[in-house]
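Residues per chain, in single letters:
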Amino acid sequence: MALSCGIVGLPNVGKSTIFNALTRSAGAAASKYPNASIEPNVGDVEVPDDRLRVLAEIVESDRIIHATMRFTDIAGLVSGSSSGAGLGNAFLSHIRDADALAMVVRCFEDADVLHVEGSTDPARDVEIVAIEMALADLSSLAKRVDKLTKEARNDPKAADKLVAAESLRAALEDGRPARTFGAGSPELDLARECFMLTAKPMLYVANVDEKQIAEPGPGVQRLFEIAKEEGTQAIAICGQIEAELAGLSDEDATAFREELKIEHSALDQLILAAYEQLGLMTFLTAGKKEVRAWTIARGSKAPQAGRAIHSDIERGFIRAEIVSFDDYDRLRTMEALKAAGLVRSEGKEYVMREGDVVNFRFNV
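Q: An account of the layout of surface pockets is needed here, citing residue identities and associated values.
A: The space that makes up the largest pocket amounts to roughly 930 Å³. Within the residue set of the lining of the largest pocket, elements represented by two or more residues are helix H1 (15-23), strand E2 (41-46), helix H2 (50-59), helix H8 (239-246), helix H9 (250-260) and helix H10 (266-277). A class-by-class count of the residues in the lining of the largest pocket yields 13 nonpolar, six polar and 12 charged.

Q: With reference to specific residues and values, describe H1.
A: Among the nine residues that make up H1, eight are buried, leaving the element largely enclosed by the rest of the structure. Here H1 has its buried residues at Lys15, Ser16, Ile18, Phe19, Asn20, Ala21, Leu22 and Thr23. Two residues or fewer past H1, Arg24 is found with a positive phi of approximately 50 degrees.

Q: Tell me about the pairing of strand E7 (residues 233-237), residues and numbers included.
A: By the bridge criterion, five bridges tie strand E6 (residues 202-207) to E7 in an arrangement that is parallel. Along E7, the bridge assignment pairs Asn207 with Ile237. Taken together, E6, helix H7 (residues 218-230) and E7 form a β-α-β motif whose crossover is right-handed.

Q: Please set out empty space enclosed by the protein residue by residue, giving values where relevant.
A: For the structure on display, the rule yields one cavity of 30 Å³ or more. As a volume, the largest cavity reaches approximately 30 Å³. For the largest cavity, the full set of lining residues is Gly9, Leu10, Val13, Met103, Val104, Val105, Arg106, Asp125 and Val129. Those elements giving two or more residues to the lining of the largest cavity turn out to be strand E5 (100-106) and helix H4 (122-151). A total of four residues in the lining of the largest cavity trace back to one element, the largest contributor, which is E5. Classifying every residue of the lining of the largest cavity gives six nonpolar, one polar and two charged.

Q: Break down the sheet that holds strand E1 (residues 4-8) for me, citing the residues and quoting the values.
A: Strand order in the open sheet formed by six strands is E2-E4-E1-E5-E6-E7, and the pairing between neighbours is mixed. Of all the strands in the sheet, just E2 and E7 have a single pairing partner and so form its edges. Taking each pair of neighbouring strands and ignoring which way they run, the sheet shows an average axis angle of 25 degrees. Two strands pair when backbone bridges link them, and E5 and E6 are joined in this way by six bridges, in the parallel orientation. Counted as the bridge partner of Arg106 is Asn207 from E6.

Q: Requested: an account of the packing of H4 against helix H5 (residues 156-173), with residues and values cited.
A: The N-to-C vectors of H4 and H5 enclose an angle of 155 degrees; their axes lie 9 Å apart at closest approach. Comparing the axis directions of H4 and H5 gives the class roughly antiparallel. Viewed along their axes, H4 and H5 form a crossing whose handedness is left-handed. Across the interface between the two elements, Ala134, Asp137, Leu138, Leu141, Arg144, Val145, Leu148, Thr149 and Glu151 of H4 pack against Ala158, Lys161, Leu162, Ala165, Glu166, Leu168, Arg169, Leu172 and Glu173 of H5. For the contact of H4 with H5, the residue count by class is 10 nonpolar, one polar and seven charged.

Q: Could you give an account of unusual backbone geometry, with specific residues and numbers?
A: Even without being a glycine, Glu60 presents a positive backbone phi close to 55 degrees. Mapped onto the fold, Glu60 is located in the loop between H2 and strand E3 (64-65). Owing to a relative accessible area of 57%, Glu60 belongs among the exposed residues under this scheme.

About the thresholds
- Residues numbered from 1 in each chain as written.
- Predicted model: local features only at pLDDT ≥ 70, side-chain atom pairs only at ≥ 80, totals over all residues.
- Heavy atoms only, no water.
- 1 Å grid on protein atoms, 1.4 Å probe; cavity = no way out; pocket = protein on both sides within 12 Å on 5 of 7 lines; lining within 4 Å.
- Points joined across faces, edges and corners; volume = space filled by probe spheres on them.
- Helix = DSSP H or I, 4+ residues; strand = E, 2+ residues; numbered from the N terminus.
- Nonpolar A, V, L, I, M, F, W, Y, C, P; charged D, E, K, R; others polar.
- Buried < 20%, exposed > 50% of the residue type's maximum accessible area, 1.4 Å probe, protein only.
- Pairing = 2+ DSSP bridges.
- Right-handed = clockwise from strand over helix to strand, strands pointing away.
- Axes fitted to C-alpha atoms, helices over the stretch in contact; angles between N-to-C directions.
- Parallel < 35°, antiparallel > 145°, perpendicular 65-115°, else oblique.
- Left-handed = near helix turned anticlockwise from the far one by under 90°.
- Contact = heavy atoms within 4.5 Å.

Spelled out as structure tokens, the structure:
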């Protein structure tokens, strides 16, 4: 699935540094000055999943293939971007192309790295980006309202949409993004139909210095509060350290993390959080040739999951033979799993669960 997470924020907050660490590359220019990145940089990264290594050991597989996620490093917004300031609407269009957003917010002080607003203030920076996206949404919504107003005279469905549009407009003017409306609400449905920027799932990323890894400062704490108020997630990451770690071997990186008392990779946390924000889940296949993770939308049924492998599986679906990963890890062989009655035969209406290990039966 070519779903992407756009990395957004003000200039000089560390977006390109984090992107380069994620993709283990130097593809995005990182600079002390604004707008070092103009065109978006795109990179696919593996979704971390220790279950694949375990399965590969059990079935003695030749190779492991991880699920992947696409990240896009989008150049920085500034105050007035929605009306053409800075690099303006070009960047807003790049945001519109992303399926979800990770807003990098600068939470560190560094006199050598310029801040476009002159000081570090995470809450203010979030508000600037939020306002620019809301203004862009209000501009596109105004055109839709004009059209719906004319259609509503003769079309009850258009009249209902007009009510939703007015509700959306009131929320945006009040500083509430479209994504705060509940799933399935007419407001959120209309916002997505209009490709609104504030309708996209949002993850907040606090870019901290080394001192704040163990003890986050008040700016980081405020960012986590903002995320909680919006019903979304926030994580803290030291972009500079993660960039250094990305350039090391796995063994050296592990030793460096132990020295810094960092238990888990912040990059892994970022990837998994973005994966969750996109509403994705993973099922697994295991064989001698390969062990592989497949990406599907949460709530997918078995035939739809088969389509992730090949469209023939969905068309000719008969059944799915499924074992939970935990059971596979515990009993280690298919013979033992069958003897314990833990190999399930599921039909077309089965809703896939995270970590299902699947063998599809289908007609060609």
